[in-house]
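So the chains spell out like this:
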Amino acid sequence: MPTLSCIGAGSLGKTICHLLSSQLEIQQIINRSPSSSQQAVDFIGAGTLGSFANLAHADIWLIATPDDDIEAAGEALWQSGVLRAGDTVFHCSGSLSASILNYEGAAIYTASIHPIHSFSNPSQSLKSFPGSHCAMEGQPEAMEVLSPLFTAIGALPFAIDADRKVLYHAATVTACNYLVSLLETSQQMLTAAGVDSAEANPLEPLIRQTMDNFFRTDARSALTGPIARGDHKTVTSHLIALETGTDTDLWQQVYRTLGNATVNIAAQRGQASTENLERISRLLKPEASDS
Ligand SMILES: NC(=O)c1ccc[n+]([C@@H]2O[C@H](COP(=O)([O-])OP(=O)(O)OC[C@H]3O[C@@H](n4cnc5c(N)ncnc54)[C@H](OP(=O)(O)O)[C@@H]3O)[C@@H](O)[C@H]2O)c1
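Residues numbered from 1 in each chain as written. Predicted model: local features only at pLDDT ≥ 70, side-chain atom pairs only at ≥ 80, totals over all residues. Heavy atoms only, no water.

Description of the site of the ligand
Logical step 1: Around the ligand, the surrounding shell holds 25 residues, and the nearest of these are Leu12, Arg32, Ser36, Asp67 and Phe119.
Logical step 2: Here aspartate 67 contributes a side-chain N or O atom positioned 2.6 Å from an oxygen atom of the ligand.
Logical step 3: Within the complex, 75% of the 910 Å² of free accessible area of the ligand lies under protein.
Logical step 4: Elements with a contribution of two residues or more to the shell around the ligand: α1 (11-20), α3 (67-80) and β6 (109-115).
Logical step 5: Residue composition of the shell around the ligand, grouped by class: eleven nonpolar, eleven polar and three charged. (Near = heavy atom within 4 Å. Polar contact = N/O pair within 3.5 Å; in protein donor to acceptor, adjacent residues only side chain to side chain. Areas by Shrake-Rupley, 256 points an atom, 1.4 Å probe, with all protein chains shown as cover. Helix = DSSP H or I, 4+ residues; strand = E, 2+ residues; numbered from the N terminus. Nonpolar A, V, L, I, M, F, W, Y, C, P; charged D, E, K, R; others polar.)

See the structure below:
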């Protein structure tokens, strides 16, 4: 079996090592602190504690430190002298390209594989990782090694253009992280409106239904509500209501900014009149009043 060592076996690193242990022999696990390395070894159920002072050769290296430390860890790996021609080194950052690992002229092949998956609960991720899409880029030799390994653990690899990877990552952040912020903002409004959602959030079925509609059809078909209908009086009343509450400036900004995106989708939908959509656009401008 080919061997894999990991520098930075945190949430993602130890999960990927555990999953890949069915395909590869897990060798050294190198975190900053030995106790953290030991925890990762225990979680993976394979591998041994390593440090930059006692690195051994491995065919494949995963560098899964925080993004800001990947370049330095790759350089320290090179300086250790354990890399051999033909080895593969990869990282899993969504915003950095594989070229941050640079072993030019040494025939050491590099790639990045970004799983579109949240590893906040590693034990859970062991079960839920299969079916995760993974954006890959880098040198063909490295991708030839890594793509079948990731496919074998249930990943769905796809190619990403290195030059547009940061934009791709911004898309995943908008979809995943900002969705949490949006749900929390609507939750705050609900609480301010006196709706008790401690036991069950009454918006949950609506949110899930909307997601299903979006993924089964498209934005145009999934959109409902006052902007889709061109109800400018309702939008005016929302803006007035949003002036009272705990975080009114932020609520107004979120409502107005996403309202503008909604006007564009409503225009494609074609249900509301152009006149009413233009009226709503004017209302949604910062501090605007209907004219
Ligand atoms: N978490 C996710 O959901 C997720 C999803 C997709 C991609 N990623 C990517 O995966 C990578 C790792 O993220 P993560 O969330 O798994 O990070 P994490 O949970 O914070 O783990 C980072 C690990 O790196 C170790 N480390 C930090 N600096 C190091 C150094 N200089 N040398 C050796 N080890 C070092 C830490 O060791 P100590 O414990 O000893 O400090 C820790 O075990 C990042 O590139 C991130 O962008 C993460």
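That shown, we press on.
Brief notes about the nonpolar core
Logical step 1: Judged by nonpolar contacts, the single largest core of 31 residues is most densely connected at Ile29, Phe90, Phe129 and Phe150.
Logical step 2: At the level of elements, β1 (3-7), α1, β2 (25-30), α2 (34-44), β4 (60-63), β6, β7 (133-138) and α5 (140-152) are the ones that each hand at least two residues to this core.
Logical step 3: Among the elements that take part in this core, α1 stands out by supplying five residues, more than any other.
Logical step 4: Leaving out residues up to four positions away in the same chain, isoleucine 29 has contacts with Cys6, Ala9, Cys17, Ser37, Ala40, Val41, Ile44, Thr48, Leu49 and Gly50.
Logical step 5: Among the nonpolar cores identified, the runner-up in size contains 16 residues, and Leu55, Ile63, Ile70 and Leu83 belong to it. (Core = buried A, V, L, I, M, F, W, Y, C linked by side-chain atoms within 4.5 Å. Buried < 20%, exposed > 50% of the residue type's maximum accessible area, 1.4 Å probe, protein only. Contact = heavy atoms within 4.5 Å.)

Some thoughts on the packing of helix α10 (residues 232-241) against helix α11 (residues 248-269)
Logical step 1: Closest axis-to-axis distance for the α10/α11 pair is 10 Å, and the angle between their directions is 160°. One element, α10, and the other, α11, form an angle in the roughly antiparallel class. Contact with α10, carried on its side by Val235, His238 and Leu239, involves Gln252, Tyr255 and Arg256 of α11 and no other residues of that element.
Logical step 2: Within the contact of α10 with α11, the residues separate by chemical class into three nonpolar, two polar and one charged. (Axes fitted to C-alpha atoms, helices over the stretch in contact; angles between N-to-C directions. Parallel < 35°, antiparallel > 145°, perpendicular 65-115°, else oblique.)

Here we look at the packing of α1 against α2
Logical step 1: At a closest axis distance of 9 Å, the pairing of α1 and α2 adopts a crossing angle of 35°. Judged by the twist between their axes, the crossing of α1 over α2 is right-handed. Counting all contacts with α1, which are made through Lys14, Thr15, Cys17 and His18, the residues of α2 involved are Ala40, Phe43 and Ile44.
Logical step 2: For the contact of α1 with α2, the class distribution of residues is four nonpolar, two polar and one charged. (Left-handed = near helix turned anticlockwise from the far one by under 90°.)

Focus: the packing of aromatic side chains
Logical step 1: A complete count under the given rule lists five aromatic pairs for this structure.
Logical step 2: Both rings, one in tryptophan 78 and one in tyrosine 103, keep their centres 5.9 Å apart while their planes meet at 40°; by these two values the pair is tilted. With a gap of 25 residues between them, tryptophan 78 in helix α3 and tyrosine 103 in the loop between β5 (88-91) and β6 connect regions that are remote in the sequence.
Logical step 3: For tryptophan 78, a relative accessible area of 38% puts it in the partly exposed group.
Logical step 4: Residue tyrosine 103 is classed as buried on the basis of its relative accessible area, which comes to 7%.
Logical step 5: Judged by centre distance (6.3 Å) and plane angle (70°), the ring pair of phenylalanine 158 and tyrosine 168 falls under edge-to-face. (Phe/Tyr/Trp six-rings, centres within 6.5 Å; stacked < 30°, edge-to-face > 60°.)

Points about the side chain of histidine 57
Logical step 1: Among the secondary structure elements, histidine 57 is positioned in the loop between β3 (48-49) and β4.
Logical step 2: Residues in contact with histidine 57, not counting those within four places in the same chain, are Thr3, Gln27, Val82, Arg84 and Asp87.

Structural notes on the domain arrangement of the chain
Logical step 1: Taken domain by domain, the chain comprises domain 1 (3-160) and domain 2 (167-284).
Logical step 2: A separation of 39 Å is found between the C-alpha centroids of domain 1 and domain 2. (Domains from an automatic or database assignment.)

Regarding the pairing of β6
Side chains on a regular strand alternate between the two faces of the sheet.
Logical step 1: Most of β6 is tucked away, with six of its seven residues classed as buried.
Logical step 2: By the bridge criterion, four bridges tie β5 to β6 in an arrangement that is parallel. Looking at β6, one finds that valine 89 is bridged to threonine 110.
Logical step 3: Where β6 lies against β7, five bridges are found, and the strand directions are antiparallel. Across the sheet, residue isoleucine 113 finds its bridge partner in β7, namely methionine 136. (Pairing = 2+ DSSP bridges.)

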